[in-house]
Amino acid sequence: MAIVKPFQCVRPDERYAHQVAALPYDVYSRKEACQVTAANPRSFLNIDRPETQFSDDVDTYDDRVYEKAGEMLKNWIEDGTFKKDCLEAYYIYELTMDGRRQTGIVACSSIDDYVNGVIKKHENTREEKEVDRIRHVDTTDAQTGPIFLAYRSNDAVNGIVNLVTGTEPMYDFMAEDGISHRVWQIHDKDRISVIEEAFRTIPSTYIADGHHRAASAVKVGLKRRMENPEYTGEEPFNYFLSVLFPHDQLMIMPYNRVVKDLNGLSEDEFLQKAGQSFEVACMGTEAFAPLNKGSFGMYLNQKWYSLKALNSLKSSDPVKGLDVSLLQDNLLGPVLGIGDPRTDKRIDFIGGIRGLKELEKRCSQDMAVAFSMYPTSIQELFAVADAGLLMPPKSTWFEPKLRSGLFIHLLK
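Residues numbered from 1 in each chain as written. Predicted model: local features only at pLDDT ≥ 70, side-chain atom pairs only at ≥ 80, totals over all residues. Heavy atoms only, no water.

What follows covers the environment of Gly104. Positionally, Gly104 belongs in strand 5 (residues 100-110). Looking at Gly104, the relative accessible area reads 0%, which means it is buried. Placed 153 residues apart in sequence, Gly104 and Arg257 show a C-alpha to C-alpha distance of 30 Å. Contacts of Gly104, omitting those with residues within four sequence positions, involve Tyr91, Ile92, Tyr93, Val243, Leu244 and Phe245. (Helix = DSSP H or I, 4+ residues; strand = E, 2+ residues; numbered from the N terminus. Buried < 20%, exposed > 50% of the residue type's maximum accessible area, 1.4 Å probe, protein only. Contact = heavy atoms within 4.5 Å.)

What follows is the structure, given as structure tokens:
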């Protein structure tokens with residue numbers, strides 16, 4: 001079923017791991033990335049966002065930018081910042097946030113599993129975002145940002161993880177944001193065999209985060225197959241870097257919404273229309289987060305409201321039944337005029353990690369109304385992916401974020 005292989009990892013020397021480890025490339029603007037790299041010359045963001053090595057008049061997507069990434073990776077391997085392990089191995093990557101641990105297997109997943117639907121996705125990708133990572137992977141000959149995959153928890157994998165995490169870790173550090181990171185290596189052949197065989201019994205794995213990185217890695221692999229018609233299927237470009245987590249350790253945070261205006265309605269008119277699909281109750285000035293599926297918080301004119309979807313709106317359809325769909329289909333679309341939330345400039349999305357105060361802040365600056373969401377569950381994500389369907393945009397926010405630079409998969 002799922003092909004999940006050990007690999008020869010390029011990784012930071014133990015002395016530098018805490019400096020190298022960087023948040024994903026796409027959480028930063030160019031200005032923010034430049035600030036991070038200026039403050040930390042060893043941050044992997046220097047390679048993940050190589051435009052930081054150029055003045056602002058050099059385009060982010062200039063050929064020289066990608067060539068710089070390849071040059072820096074080569075130099076960091078040569079100067080000892082990175083080293084390549086001699087043996088193929090799995091790695092265990094544990095992240096702890098606010099006392100909650102999630103522990104994944106770092107491995108290479110098959111591009112054929114992605115093409116054939118064994119690796120399931122739940123959202124569309126945008127071509128322009130894919131092109132950037134395709135060029136980065138192809139020019140550096142490396143996959144540098146792991147794809148966050150989920151799978152239904154497996155006793156055999158859990159048993160190995162529990163044994164190994166009882167030993168001394170290879171890396172053990174706390175990042176500036178208070179999230180701790182620990183890494184172990186698994187090179188014992190018997191344990192490798194148990195893990196590999198266990199994943200072969202798992203029918204599907206699921207992209208939790210990193211749809212664009214996954215699509216880009218697969219397209220580079222398919223491109224290299226075209227360039228190497230004698231390929232055997234065992235070449236490194238047939239696989240992509242991933243970290244696979246059991247479903248029962250993952251936490252999805254809400255992905256909240258803010259809208260710029262009331263679509264020409266007065267406050268009373270808007271509340272009246274909202275009441276046609278939701279039970280509306282004023283909660284006062286205390287920030288309100290929903291406690292149940294089918295419920296929403298709403299911040300309007302310095303007051304918080306509770307919205308509860310009428311039973312007639314609820315659906316057993318895996319997509320239409322999502323809270324993000326209930327809000328979009330019954331309030332954001334028909335009342336506030338948000339036709340396509342992917343492209344409409346009047347709506348913005350705020351990850352749950354920022355808290356409800358961020359919603360209040362935005363409404364005091366540039367927005368008129370905010371909605372706090374009940375988080376999508378991992379079971380809902382699985383149901384959508386298993387049905388071959390796609391979630392609405394900004395349905396899930398996973399925390400903590402995987403760090404880039406701790407594990408690198410070379411393509412040749």
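Back to the write-up after that little detour.
Here the focus is the nonpolar core. Of all hydrophobic cores here, the largest spans 66 residues; its most connected members are Phe270 and Phe371. Counting residues in each nonpolar core, the second largest holds 31 residues, with Ala107, Ile111, Tyr151 and Val161 among its members. (Core = buried A, V, L, I, M, F, W, Y, C linked by side-chain atoms within 4.5 Å.)

Scanning the model with the defined rule gives 31 salt bridges in all. Between Lys223 and Glu227 there is a salt bridge, and its shortest N-O distance comes to 2.7 Å. A residue pair is termed a helical-turn pair when its members lie 3 or 4 positions apart in one helix, as Lys223 and Glu227 do in helix 9 (residues 211-227) at four residues. A residue is classified by how much of its surface remains accessible, and Glu227, at 46% relative accessible area, is partly exposed. For Arg346, the salt bridge goes to Asp261, with nearest N and O atoms at 2.6 Å. (Salt bridge = Lys/Arg side-chain N within 4 Å of Asp/Glu carboxyl O.)

With that out of the way, let us pick up unusual backbone geometry. Geometrically, the link from Glu399 to Pro400 is a cis peptide bond, its omega value of -5 degrees lying close to zero. Following the sequence through the fold, Pro400 ends up in the loop between strand 20 (397-398) and strand 21 (409-410). Positive phi outside glycine occurs at Asn263, with the angle close to 60 degrees. Topologically, Asn263 is positioned in the loop between strand 14 (255-259) and helix 10 (267-274). By relative accessible area, which is 38% here, Asn263 ends up partly exposed. Look at Asn301: it is not a glycine, yet its phi comes out positive at around 50 degrees. Tracing the chain through its elements places Asn301 in the loop between strand 16 (295-300) and strand 17 (303-309). By relative accessible area, Asn301 is classed as partly exposed at 48%.

Just geometry here; none of it tells us what the structure is for.
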